[in-house]
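Analysis of the macromolecular model
Listed here are the chains, written in short residue letters.
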Amino acid sequence: MVPFHTVAFAQQKLRSAVRRAAAQHQNLQYGFVIHARRRGARNALGVITLSGESLALTPRLLEGLTGRTLRLFGTAPIQLSAGATIGSDLELRAKADLALASVMMQVDGVTDPAASGHVVEVEAAVMADALAQPLVVLTTERPETWPL
């Protein structure tokens, strides 16, 4: 279970990011925070939504984001793909529903001012064991496959 103060802090960060995006006339009306959470004895990635939902990030949830506009902190365009899952293939649940220990994040079009405006693409693994600060991700609307 994620502590109430963690959920409240994430909701505050999300509301602020959505307001900034609206002020900049971006069509980013939905968001979630990716954070590290305990899953049994191990760390996993979780998401917290604007409505206060707190759940494990799974490959199935990531599938719902495929083809959508995603912006890290409302600015940098990103793509997310599943990394390592926590659990065993022998578990009764489908692999698509296992918690993720990591995701791959591709950041597109980051301008490097030190390189005279050169556009840099970055790919990084976001790992639950190493995620110190939550990541705010905004998109245009709640994916249909995500719970309310």
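Parameters at a glance
Residues numbered from 1 in each chain as written. Predicted model: local features only at pLDDT ≥ 70, side-chain atom pairs only at ≥ 80, totals over all residues. Heavy atoms only, no water. Helix = DSSP H or I, 4+ residues; strand = E, 2+ residues; numbered from the N terminus. Buried < 20%, exposed > 50% of the residue type's maximum accessible area, 1.4 Å probe, protein only. Contact = heavy atoms within 4.5 Å. Pairing = 2+ DSSP bridges. Core = buried A, V, L, I, M, F, W, Y, C linked by side-chain atoms within 4.5 Å.

Turning our attention to the overall build of the protein. Of regular secondary structure, the protein possesses two helices and eight strands. Starting at the N terminus and ending at the C terminus, the protein contains elements arranged as α-β-β-β-α-β-β-β-β-β. Among the 148 residues that make up the protein, the fraction classed as buried is 41%. In the protein, of all internal contacts separated by at least 6 residues, the share reaching a separation of at least 24 is 58%.

Right, let's get into the environment of Leu-50. By the element assignment, Leu-50 lies in the loop between β2 (42-49) and β3 (54-56). Given a relative accessible area of 22%, Leu-50 falls into the partly exposed group. Sequence separation between Leu-50 and Arg-15 is 35 residues; the distance between their C-alpha atoms is 7.1 Å. What Leu-50 contacts, discounting residues up to four positions off in sequence, is Gln-11, Leu-14, Arg-15, Val-18, Gln-29, Tyr-30 and Gly-31.

With two bridges joining them, strand β4 (residues 70-72) and strand β5 (residues 76-82) adopt antiparallel strand pairing. Across the sheet, Leu-72 pairs through a bridge with Ala-76, a residue of β5. Linking β4 back to β5 in an antiparallel pair, the connection comprises three residues, with Phe-73 at a positive phi of about 55 degrees.

Right, let's get into the nonpolar core. In this structure, Ile-34 and Leu-80 are the most contacted members of the largest nonpolar core, which totals 24 residues. Setting aside anything within four residues of it in sequence, one finds Ile-34 in contact with Leu-45, Gly-46, Val-47, Leu-80, Leu-131, Pro-134, Leu-135 and Val-137. Leu-14, Val-33, Val-136 and Leu-138 belong to the second largest nonpolar core, which has twelve residues in total.

Quick look at the environment of Ala-82 now. Checked against the element boundaries, Ala-82 lands in strand β5. Sequence spacing of Ala-82 and Ala-96 is 14 residues, and the spatial spacing of their C-alpha atoms is 9.6 Å. Among all residues touching Ala-82, those that are not within four sequence positions of it are Pro-59, Leu-62, Leu-100 and Ser-102.

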